[in-house]
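Fold and geometry: a report
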Amino acid sequence: MSLHDTTDAAIPRRIHLTGGLRLPGFLAMAAVDLPILLVFGLLIVLPLLTVLAQAVMPALFDPQSPGLAIDLTPLGRALSGPRVLRSIGHSVELGAAVAVTATLVGGIFAALTQRFRLPLRALYVPVPWLVFLTPAYLKAMAWVLLMAPGGYLAQLGILPHWASDAFFGLGGLVFVHTLSLFPLPAFILGSALAGLGQDIEDAARLAGANPWRIWLRINLPLLTPAIALSLIATFAEVLSDFGLAATIARSSGFGVLTYGIYAAASDYPVDFPMAGAQALILLTLILLVTLTDRLLRKQGSLRLISGRSRQSLPQKPPPLARWIMTGVVVLIGVLAMWLPLVVILLRTFTATLGHGLEPTNFTLSNLTETLTPGAPALQALGRSFLYAALTALIAASIALILAARLDRAGPGLKASVTGFALGTIAIPGIVLGFGYILVWNRLPGFRDWPFPHYGQASLLVTGYVAAALPYCLIIILTAVGQLAPSLTDSAKLYGHGAVARLIKVVLPLVLLSVITAAALSFIRTVFELPISQLLVPQTGSPVPPYVVRLLGHDDDGLASALALVCMIGAGGLAGAGWLVARRYLNFTSGARP
Amino acid sequence: MSWALICEGLEKRLGGKPVLQTLNLNVAQGEVVSLLGASGSGKTTLLRAIAGLNHPDAGRITLNGTEIFAPGRLIPAEKRQIGMVFQDYALWPHMTVAGNLGFALASQRLAPAEAQARITHALDVTRLGPLRDRLPAALSGGQQQRVAIARCLAARPQLMLFDEPLSNLDAALREDLRTEMMDLVRQEGITVIYVTHDQAEAMAVSDRIAVMREGEIAQLDTPETLYNAPATPFVASFIGGFSLLPGQAQGGMFLVDGQTLTLPGTTGPVVLVIRPEDACPATLHPATRLIAKVLHAAYQGRCWRLTVEIAGQILRLDWPNTARPGDQLEFSLPPDRCLLLPIPIPA
């Protein structure tokens, strides 16, 4: 018996068996949709539901007397206690401030780099992508090394004492978050700007408007939906952040929700009900933000991207303005990427922070200690690379199969899974990690499964896959959606079954996207902190928790060396793989016009 | 007659709207039948239903004596041995020309020598031999189209479907390729269903044409019959750039805008079908004379194409001389070429 999927645009109503029989519609739908729903259910929905259940049923996993009674005491305790209330306030305050500053910086960066022909492009064009791929805790580490009372800037006499103090609080967090998150608004506003096209501006110029007036009266109003989206996305990112929460915020005593969840779930004595309550509060905040986003999008932005609108050409500003503009974008690039990178480099090759740039302070010992065979740092590196490679392979493969299935599924399922995948990107890693602890350490039936098993690398990799899957799915689904349906239809007419079509037709054509998804997953996983921190296997820690631990013990030289090797290794491997793939996988036709 | 394809009572609804309505179509062995209709008339849905790429809600499809779709029975697309030339050609961009043909044959599990012979033959007849190792992206539009046909020929399908195969080509290339393509399929004796919205293309390629409207076949006939005797005003409006002049028929007369033509036939509201080339000087057929107001004249080489108006209706006429907008034009129609068609009463 072989199953044949239908290619109707509508949800297939029956399964056809060669020779004739048809199965009832609901069974056919289940056969097509079940694997998709199972994967998402097991990897994401179940952990999330368990977290929510734990929040409202505190006795759910009580070792002495487990029960299903709904009891809102922990939630009430969280909302009445000063600590959690302060965390909520801090999270919202930080999120709101960074949403504004990052949107401003990202908007300026996008407008200047897209609309004007400026020199020194190499200094700022790759910055948003590099910053986007660098984890927050490494940027935090670099800025701590710069701004600490005994840090590089203080040693150089640039930083007054008060500024150093102010850095370890809201001001410093807003500063580092802004530099860390500005790529997001830069991408959003950049693509919106590209969509505006030249014709609209030309029409305004012919109507007598000067450039300032064009920006104020034409471009800014048209960019309003993108600005709103950028504010919302940045706010949600800050709420979900764990990298800065576990470094600068923690050492400044600036408690935020994500760290509160981590502390309640992992610090002795563990308080799962309290972790659940805080996770519920965090998820509610993020849900509200996501709903606002949906609402704004529903109101509809003006559709300006049409086949006929001409892309605006970057203009050459007058010399003085040109150098001021270049100065601004280079400054953003330097602060966001190059300065932190130089600091990590410097710290890697120096023995102590206190002796700064003294010639005698330079050494290779940190690097040697990192790369010594059998040393804990190299072991962590090996583990991280192995786990990340496995994650990239598994997540990209699952995403490919799901994408191929989804592309031919009914519009309802496709829209809901895509929406769900986009939604899960907003789920903080720390909440997902906590969900994994609850399911695989406490939930009967899962607790004793040999594979994946709590405390082992298999569960950590499962968690990584869950975090990477939505990204991979969206990248690959976009590529599969670009393929003309006739390419697989014709293969079908020539007698090729579903598997042959996937392997021989779809896969080669979307392989570059699959490799892109895998490369991005690899880099993200190597640097993933919250899930790694919560699900550290008994066999040993991967890089991110190890780096954070080294920082906690003021061993920032070794932390810098490990971070540097990790960045070069992961970036080099993923980048080289991607470049080779792009070189050989360029079939220019066959895409939908 | 031995039918290669029999479609009986096909029905399909999409989003509650009928796209195929109790549709019947028989195609003889080696025959070329065109499905001609506007967008949304159901021609592509019918083609894809025959291919097995979508499934009707009801009806029966029989291919060379084997039921491929019937209540409780369905042969999937990959087992129907039907070839299709897609609108965008659907060449697999990561495979060479020969690779495309090879992959189309792979599922038939032929002996390698046989497969090679078929590929070589298909490439030879389509004159693609020298391009066999190129990727589709390195070919022109016309060459890509020939690869799509070669791929179909190599697979030796029971039935070949063409889904507007010329619509992506420029006008000059279209006619040459059309002739070449149809010569090929006729040489190989393949049964063909050809979807198009271009009536000139349908006339040129087909043994018979099925004019489709709202999921039904309005008329299925040879090109000559369709041209000379369209069955309904709709078919007439779709063919040959005909003009339709609504009026009243009574007592062997056709009345329009105060003018009377002697035309025996039906009684009641009718349209007079006017073919552009039938317009003659007024003196030639005094009983079927009309006066119209000239709106526009365009030189067409052999004649002038005049756009004229009678009672608010626009007519197109081929005329030996030019005329100025606003002029009165007197012309007549050969009575034996005048066709009166009753206006159907809406259900």
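Criteria and thresholds
- Residues numbered from 1 in each chain as written.
- Chains lettered and ligands numbered in written order.
- Predicted model: local features only at pLDDT ≥ 70, side-chain atom pairs only at ≥ 80, totals over all residues.
- Helix = DSSP H or I, 4+ residues; strand = E, 2+ residues; numbered from the N terminus.
- Buried ≥ 20, exposed ≤ 12 C-beta atoms within 10 Å, placed from the backbone.
- Contact = placed C-beta atoms within 7 Å.
- Nonpolar A, V, L, I, M, F, W, Y, C, P; charged D, E, K, R; others polar.
- Axes fitted to C-alpha atoms, helices over the stretch in contact; angles between N-to-C directions.
- Parallel < 35°, antiparallel > 145°, perpendicular 65-115°, else oblique.
- Left-handed = near helix turned anticlockwise from the far one by under 90°.
- Pairing = 2+ DSSP bridges.
- Domains from an automatic or database assignment.
- pLDDT = per-residue confidence, 0-100.
- Core = buried A, V, L, I, M, F, W, Y, C linked by C-beta atoms within 7 Å.
- Expected span 1.5 Å × (residues − 1).

1. A closer look at the overall build of chain A
- The secondary structure content of chain A amounts to 24 helices and two strands.
- Each principal axis of the C-alpha distribution contributes one length, and for chain A these read about 85 × 80 × 50 Å.
- Evaluated residue by residue, chain A yields a buried proportion of 45% over its 593 residues.
- Residue pairs in contact within chain A that sit at least 24 positions apart in sequence constitute 77% of those at least 6 positions apart.

2. Here's the deal with the overall build of chain B
- Helix and strand counts for chain B come out as eight helices and 21 strands.
- Dimensions along the principal axes, computed over C-alpha positions, put chain B at roughly 75 × 45 × 40 Å.
- Each of the 347 residues in chain B was classed as buried or not, and the buried ones make up 44%.
- A sequence separation of at least 24 residues applies to 65% of the contacts in chain B between residues at least 6 apart.

3. Let's talk about the interface of chain A and chain B
- Contacts between the two partners involve 27 residues from chain A and, on the opposite side, 28 residues from chain B.
- Among the elements of the structure, α20 (485–493) and α21 (498–526) of chain A are those that each provide at least two residues to the side of chain A that touches chain B.
- For the side of chain A that touches chain B, the element with the most residues is α20(A), which contributes six residues.
- Residues of the side of chain A that touches chain B, tallied by class, amount to eight nonpolar, 14 polar and five charged.

4. Details of the packing of helix α5 (residues 136–147) of chain A against helix α14 (residues 319–348) of chain A
All names here are of chain A.
- Look at α5 against α14: their axes get within 9 Å of each other, and the N-to-C directions meet at 75 degrees. Considered as vectors, α5 and α14 are oriented roughly perpendicular to each other. The residues of α14 that touch α5, namely those facing Leu138, Lys139, Ala142, Trp143, Leu145 and Leu146, are Pro340, Val343, Ile344 and Arg347.
- Residue composition of the contact of α5 with α14, grouped by class: eight nonpolar, no polar and two charged.

5. Points about the packing of helix α2 (residues 97–106) of chain B against helix α4 (residues 141–155) of chain B
All names here are of chain B.
- Two elements in contact, α2 and α4, have axes whose closest approach is 9 Å; the angle formed by their N-to-C orientations is 35 degrees. Crossing of α2 over α4 shows right-handed handedness. Contact with α2, carried on its side by Val97, Asn100, Leu101, Ala104 and Leu105, involves Val147, Ala150, Arg151, Ala154 and Ala155 of α4 and no other residues of that element.
- Its residues assigned to classes, the contact of α2 with α4 comprises eight nonpolar, one polar and one charged.

6. Some thoughts on the sheet that holds strand β3 (residues 32–36) of chain B
Residue and element names in this part refer to chain B.
- Pairing within the open sheet is mixed, and its six strands lie in the order β7-β8-β9-β3-β10-β11. Edge positions in the open sheet fall to β7 (82–85) and β11 (216–221), since each of these has one partner strand only. Neighbour-to-neighbour, the strand axes of this sheet turn through a mean angle of 20 degrees, independent of strand direction.
- Two elements, strand β10 (residues 208–213) and β11, share five bridges in a ladder whose sense is antiparallel. Within β11, the position partnered with isoleucine 209 by the bridge is aspartate 221.

7. As for helix α23 (residues 543–552) of chain A
Residue and element names in this part refer to chain A.
- Counting buried positions along α23 gives eight out of 10 residues, so the element sits mostly inside the fold.
- Looking only at α23, the buried set comprises Val543, Pro544, Pro545, Tyr546, Val547, Val548, Leu550 and Leu551.
- Residues of α23 that are buried in the fold lie against α5, α11 (245–251), α16 (376–407), α21, α22 (530–534) and α24 (556–584).
- Backbone geometry just downstream of α23 places aspartate 554 in the positive-phi region, at approximately 55 degrees.

8. Here's the deal with unusual backbone geometry
- Here Tyr268(A) and Pro269(A) are connected by a cis peptide whose omega angle stands at -5 degrees.
- In this fold, Pro269(A) is placed in the loop between α12 (257–266) and α13 (272–299).
- Note that the residue after Phe451(A), namely Pro452(A), is joined by a cis bond; omega there is -5 degrees.
- Within the secondary structure, Pro452(A) sits in the loop between α18 (429–442) and α19 (457–482).
- Of note, the phi angle at Tyr89(B) is positive, near 70 degrees, even though the residue is not glycine.
- Relative to the helices and strands, Tyr89(B) is located in the loop between β7 and α2.
- Overall, the presence of 25 C-beta atoms within 10 Å leaves Tyr89(B) in the buried class.
- Even without being glycine, Arg156(B) reaches a positive phi, approximately 45 degrees.

9. Some words on the pairing of strand β15 (residues 268–274) of chain B
All names here are of chain B.
- Burial analysis of β15 places five of its seven residues in the buried class, the great majority of the element.
- Here seven bridges tie strand β12 (residues 243–250) to β15, and the two strands are oriented antiparallel to one another. What sits directly across from proline 246, in β15, is valine 271.
- One ladder, built from four bridges, connects β15 with strand β21 (residues 339–342); its direction is antiparallel. Looking at the pairing, valine 273 lines up with leucine 339 of β21.

10. Considering the domain arrangement of chain B
- Each assigned domain of chain B is listed with its residue range as follows: domain 1 (3–228) and domain 2 (244–342).
- When each unit is reduced to the centre of its C-alpha atoms, the spacing between domain 1 of chain B and domain 2 of chain B is 40 Å.

11. Some words on the environment of Leu156(A)
Residues and elements named next belong to chain A.
- Tracing the backbone shows leucine 156 in the loop between α6 (152–155) and α7 (161–167).
- Among the residues examined, leucine 156 registers 11 C-beta atoms within 10 Å and is labelled exposed.
- It is 9.4 Å that separates the C-alpha atoms of leucine 156 and leucine 357, two residues lying 201 residues apart in sequence.

12. Description of the confidence of the model for chain B
- The pLDDT averaged across chain B works out to 91; a share of 99% of its residues lies at or above 70.
- Listed scores for the predicted complex are pTM 0.80 and ipTM 0.79.

13. Overview of the environment of Ala403(A)
All names here are of chain A.
- Tracing the backbone through its elements, the reader meets alanine 403 in helix α16.
- Taking the number of C-beta atoms within 10 Å as the measure of exposure, alanine 403 has 27 and is therefore buried.
- Not counting residues within four places of it along the chain, the set of residues in contact with alanine 403 comprises Leu473, Ile476, Leu477 and Val480.

14. Things to note about the sheet that holds strand β6 (residues 73–74) of chain B
Residue and element names in this part refer to chain B.
- If you walk across this open sheet you meet the five strands as β2-β1-β4-β5-β6, and the pairing is antiparallel. Each edge of the open sheet is held by one strand with a lone partner, namely β2 (17–28) and β6.
- Of the pairings in the sheet, the one linking strand β1 (residues 3–14) to strand β4 (residues 58–63) comprises five bridges and is antiparallel in character. Bridging across to β4, glutamate 11 finds its partner in alanine 58.

15. Quick word on the pairing of β3(B)
Residue and element names in this part refer to chain B.
- Burial of β3 is extensive: five of the five residues sit out of reach of the surface.
- Covered by surrounding structure in β3 are Val32, Ser34 and Leu36 together with Val33 and Leu35, the residues of both alternating faces.
- When β3 meets strand β9 (residues 192–196), the two strands line up parallel, connected through five bridges. Within β9, the residue paired with serine 34 across the bridge is tyrosine 194.
- Judged from the four bridges that link them, β3 and β10 form a sheet pairing that is parallel. Along β10, the bridge assignment pairs leucine 35 with alanine 210.

16. As for the nonpolar core
- Counting residues in hydrophobic clusters, the biggest one holds 276 residues, and the most contacted among them are Ile261(A), Ala399(A), Phe434(A), Ile476(A) and Leu562(A).
- The dominant element in this core, judged by the number of residues it contributes, is α19(A), at 17 residues.
- When we break this core down by domain, the ones giving at least three residues each are domain 1 (3–228) and domain 2 (244–342) of chain B.
- Beyond its immediate stretch of four places on either side in the chain, Phe434(A) contacts Val51(A), Ile261(A), Ala265(A), Ala275(A), Ala279(A) and Leu534(A).

17. Thoughts on α19(A)
- Between its first and last C-alpha, α19(A) extends 36 Å over 26 residues, near the 38 Å set by a 1.5 Å rise per residue.
- Buried residues dominate α19(A), accounting for 20 of its 26 residues.

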